[in-house]
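Residues per chain are reported as follows:
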Amino acid sequence: MAKTAVIVAFEVKEGQMDLFLDIIRTHAARTLAVEPGCERFDVLIPTDGSAAVHLHEVYADDTAFAEHRQSQRLADVRESYQDLIVGRTLSICSFVS
């Protein structure tokens, strides 16, 4: 099966970046630790200082990503940051090469 990549872009509310980053870094580390199908989970911030955070995640296959999406841990994390963001976009990608 082909690997699945996920790119998530968040717009963080003013004054909430530190708290949001604490939550999302912990989420990234726990996902890598407890989900064997998660091969990579990067937390990125733009160098221009904008209130954005980008996630780059790689899963072994669609099944591993589906397990991640259905986890209670992810639901809990989403609830914990909901009031800290303006919005989020999600792109599910296939590898071309």
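Calculation notes
Residues numbered from 1 in each chain as written. Predicted model: local features only at pLDDT ≥ 70, side-chain atom pairs only at ≥ 80, totals over all residues. Heavy atoms only, no water. 1 Å grid on protein atoms, 1.4 Å probe; cavity = no way out; pocket = protein on both sides within 12 Å on 5 of 7 lines; lining within 4 Å. Points joined across faces, edges and corners; volume = space filled by probe spheres on them. Helix = DSSP H or I, 4+ residues; strand = E, 2+ residues; numbered from the N terminus. Axes fitted to C-alpha atoms, helices over the stretch in contact; angles between N-to-C directions. Parallel < 35°, antiparallel > 145°, perpendicular 65-115°, else oblique. Contact = heavy atoms within 4.5 Å. Nonpolar A, V, L, I, M, F, W, Y, C, P; charged D, E, K, R; others polar. Polar contact = N/O pair within 3.5 Å; in protein donor to acceptor, adjacent residues only side chain to side chain. Phe/Tyr/Trp six-rings, centres within 6.5 Å; stacked < 30°, edge-to-face > 60°. Buried < 20%, exposed > 50% of the residue type's maximum accessible area, 1.4 Å probe, protein only. Salt bridge = Lys/Arg side-chain N within 4 Å of Asp/Glu carboxyl O.

Caption draft 1: Structural context of empty space enclosed by the protein. This model, assessed by the stated rule, comprises one cavity of 30 Å³ or more. In terms of lining residues, the largest cavity is bounded by 17 residues, among which Val 8, Glu 57, His 68, Leu 74 and Arg 78 are the most central. Only strand S1 (4-12), helix H1 (17-34), strand S3 (52-59), helix H2 (62-69), helix H3 (72-81) and strand S4 (85-94) provide two or more residues apiece to the lining of the largest cavity. Top contributing element to the lining of the largest cavity by residue count: H3, with four residues.

Caption draft 2: Local environment of the packing of H1 against H3. Remark: H1 packs on H3, axes separated minimally by 10 Å, with the N-to-C direction vectors making an angle of 175°. As far as their axial angle goes, H3 and H1 are roughly antiparallel. Taken together, the residues of H3 that come into contact with H1 (itself represented by Phe 20, Ile 23, Ile 24, His 27, Arg 30, Thr 31 and Val 34) are Arg 73, Leu 74, Val 77, Ser 80 and Tyr 81. Residues that form the contact of H1 with H3 fall into these classes: seven nonpolar, three polar and two charged.

Caption draft 3: Structural view of the environment of Asp 62. Following the sequence through the fold, Asp 62 ends up in helix H2. C-alpha of Asp 62 to C-alpha of Glu 35: the two residues are 27 residues apart in sequence and 13 Å apart in space. In this structure, Asp 62 is in contact with Ala 2 and Thr 4, ignoring residues within four places of it in sequence. Looking at Asp 62, its side chain comes within polar contact range of the side chain of Thr 4, at 2.5 Å.

Caption draft 4: The packing of aromatic side chains, seen in detail. Tallying each qualifying case throughout the model produces four aromatic pairs. A ring pair is formed by Phe 10 and Tyr 81, whose centres lie 5.2 Å apart and whose planes are at 80°; its orientation type is edge-to-face. A residue pair is termed long-range when its members are at least 10 positions apart, and Phe 10 in strand S1 and Tyr 81 in helix H3 qualify at 71 residues. You'll find Phe 10 and Tyr 81 in the same group, each marked buried. With 5.3 Å between their ring centres and 50° between their planes, Tyr 59 and Phe 65 make a pair best called tilted. Exposure remark for Tyr 59: the relative accessible area of 0% places this residue in the buried category. Here the aromatic residues Phe 10, Phe 20 and Tyr 81 are joined through ring pairs into a cluster of three or more.

Caption draft 5: Highlighting the pattern of salt bridges. One pass over the full model with this rule turns up three salt bridges. For the salt bridge of Lys 3 with Glu 39, the shortest nitrogen-to-oxygen distance reads 2.5 Å. Of this pair, Lys 3 sits in the segment before S1 while Glu 39 sits in strand S2 (residues 38-44); the two residues are 36 residues apart in sequence, bridging distant segments of the chain. Residues Arg 73 and Glu 35 are paired through a salt bridge, measuring 2.3 Å at the closest nitrogen-oxygen approach.

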